[in-house]
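Residue-level structural notes
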Amino acid sequence: AYSTLKNAEKQKSFFEDIGVNVEITNKVRGGRSLYLVWAGSFTSADEAKAFGKQIKQKYKIDSIIVEKY
């Protein structure tokens, strides 16, 4: 999650450059606008966790797994 669209777009570009589908959504929490970067689409939580682990090891990017409806 990013507080500015510019930073979210930068992260989106990074993931697109490595071939990952990405979406940005805007959420307002506590009167603050946050830009959420959704990276990838997975068939299971285990698959998503494995991707998160790869991203952390290879690029030092933290992630959380969220089930999207």
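This section reports on the structure supplied with the text. (Residues numbered from 1 in each chain as written. Predicted model: local features only at pLDDT ≥ 70, side-chain atom pairs only at ≥ 80, totals over all residues. Heavy atoms only, no water.)

1. Some points on the packing of aromatic side chains
- In total, this model carries four aromatic pairs according to the counting rule given.
- Ring geometry for Phe15 versus Phe51: centroids 6.4 Å apart, planes at 45°, classification tilted. Taken together, the residues span a long stretch of sequence, with Phe15 in helix α1 (residues 5-17) and Phe51 in helix α2 (residues 45-59) at a distance of 36 residues. An identical accessibility class is assigned to Phe15 and Phe51; each is buried.
- One aromatic cluster in this structure is built from Phe14, Phe15, Phe42, Phe51 and Tyr59. (Phe/Tyr/Trp six-rings, centres within 6.5 Å; stacked < 30°, edge-to-face > 60°. Helix = DSSP H or I, 4+ residues; strand = E, 2+ residues; numbered from the N terminus. Buried < 20%, exposed > 50% of the residue type's maximum accessible area, 1.4 Å probe, protein only.)

2. Regarding the environment of Val20
- Relative to the helices and strands, Val20 is located in the loop between α1 and β1 (22-29).
- For Val20, a relative accessible area of 14% gives the class buried.
- Along the chain, Val20 and Ala8 lie 12 residues apart, while their C-alpha atoms are 15 Å from each other.
- If we ignore the near neighbours within four places in the chain, the residues touching Val20 are Phe15, Ala39, Gly40 and Phe51. (Contact = heavy atoms within 4.5 Å.)

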